[in-house]
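Structural overview
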Amino acid sequence: PRWTLRMNIGREDDSEGLSHMLASMSDRDWGASGTRLMLDLDVTFEDRMLPNDCPPMTEVGPAGAIKVAKAATSTAKYISECGQQVLSVGNGGWFITEKADKPSELKFWLELMEPVGKGDVSLEVGHIVFTTSVWTDSELKELREMLEEAKLAGQQVEKEMDEEGESPMTVLKYNQALSKVHELQAKLPEAGEGYKKGGWVGDKALNLSMRGLLSVKKKSNGVFSLIFPTSLQCIGKFSSTPNVGQHTHLENSDFSKVRCHELLCVAMRCRALSCISIPSQHVI
């Protein structure tokens, strides 16, 4: 399949988290002005292994299991002070990793063949890694069923509290049900997220998110370099438009406005009941 990508490069919220701590001292001011660098390019994915003579990239997948990703036009387009420019981009690879606590991840990289920059946002020659979420039909079906069960469990406890009164135990059960809802919600497509089915090589039933994060491999900073000599550090986000497949867009989330309202009521009730004396680690 062929994807059209728009790369939105600049400082993200994650830049204030682990990525920021791991960054080298010279990177602390990277993107601090809020400048964004936009790059457009097309990429194709193939169902064949990366040649053995290609250097492995373990941040994407294990050696010998990574398949081919190609920059379809060998260039990316962007706008500078001098108008539209082109940037040389080389090929890379892709791999899908299953995750226990969140959606499976599709990671792929392309090779930036020349440096590019805008204001205090700049990239050197090297790999750019793209990360997005994927789901099988069966995974989506199972997660949605489990989410419905967790919601119903919370409603049942709420009914008990209405009929029999509130107690530390019922509040604890209520909070646990809400926690389960949040856990399952994190594994499903997020609010406003679009995903596409039928546009993936070798698996027409795979559902792919149409947005994700960008990262590059950099040297870590200070004491962190003893544990993580290098790390993938967030440099922005991207959106994608697979040229084939069936598109689904979620206006609010993976459940309806009514369910969103119900969950909000649950959260408000839990906060209101938090004054009841129960162990603090169980209060959401």
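Please read these numbers as outputs of a predicted model, since none were measured by experiment.

Here we take up the overall build of the protein chain. Each helix and strand counted, the protein chain has 5 helices and 13 strands in total. Here the contacts in the protein chain between residues at least 6 apart in sequence split such that 68% fall between residues at least 24 apart. With the model as given, the accessible surface of the protein chain reaches about 15,000 Å², and the carbon-plus-sulfur share is 54%.

Moving on: the pattern of salt bridges. Considering all chains together, one arrives at 13 salt bridges under this definition. Put simply, Glu12 and Arg36 hold a salt bridge, and the shortest N to O gap is 2.4 Å. Of this pair, Glu12 sits in the loop between strand 1 (2–9) and helix 1 (18–22) while Arg36 sits in the loop between helix 1 and strand 2 (37–49), placing them 24 residues apart in sequence. Notably, a salt bridge pairs Lys67 with Asp47, separated by 2.5 Å at the nearest N-O pair. Note that Lys67 is positioned in strand 3 (residues 67–71) and Asp47 in strand 2, a separation of 20 residues in sequence. If you follow the salt bridges from partner to partner, you end up with Glu46, Arg48 and Lys70 in one network.

With that settled, the discussion passes to the nonpolar core. Trp3, Ile9, Phe45, Phe108, Leu123, Phe130 and Trp200 are the most contacted members of the largest nonpolar core, which has 35 residues in total. Broken down by element, the residue count for this core peaks at 5 residues, all from strand 2. Apart from the residues within four sequence positions on either side, Leu123 is in contact with Ile9, Trp30, Leu112, Pro115, Val116, Ile128, Val216 and Ile235. In terms of nonpolar packing, the next biggest core, distinct from the first, is built from 9 residues, Trp135, Leu140, Leu147 and Ala150 among them.

Let us look at the pairing of strand 2. As judged from the 8 bridges shared by strand 1 and strand 2, these two strands associate in the antiparallel manner. Directly across from Arg6, in strand 2, lies its bridge partner Asp40. Bridge count between strand 2 and strand 3: 4 bridges; the pairing is antiparallel. Bridged to Thr44 within strand 3 is Lys70.

So, on to the packing of aromatic side chains. Scanning the entire structure with this criterion turns up 10 aromatic pairs. Taking the centre distance of 4.7 Å and the plane angle of 50 degrees together, the rings of Phe45 and Trp200 count as tilted. Here Phe45 is found in strand 2, whereas its partner Trp200 is found in the loop between strand 10 (194–197) and strand 11 (207–219), with 155 residues between them in sequence. Residues Phe45 and Trp200 agree in their burial class; the two are buried. An aromatic cluster is defined as three or more aromatic residues linked by ring pairs; in this entry it consists of Trp3, Phe45, Trp94, Phe108, Phe130, Trp200 and Phe238.

Rules of the game
- Residues numbered from 1 in each chain as written.
- Predicted model: local features only at pLDDT ≥ 70, side-chain atom pairs only at ≥ 80, totals over all residues.
- Heavy atoms only, no water.
- Helix = DSSP H or I, 4+ residues; strand = E, 2+ residues; numbered from the N terminus.
- Contact = heavy atoms within 4.5 Å.
- Areas by Shrake-Rupley, 256 points an atom, 1.4 Å probe, with all protein chains shown as cover.
- Salt bridge = Lys/Arg side-chain N within 4 Å of Asp/Glu carboxyl O.
- Core = buried A, V, L, I, M, F, W, Y, C linked by side-chain atoms within 4.5 Å.
- Buried < 20%, exposed > 50% of the residue type's maximum accessible area, 1.4 Å probe, protein only.
- Pairing = 2+ DSSP bridges.
- Phe/Tyr/Trp six-rings, centres within 6.5 Å; stacked < 30°, edge-to-face > 60°.

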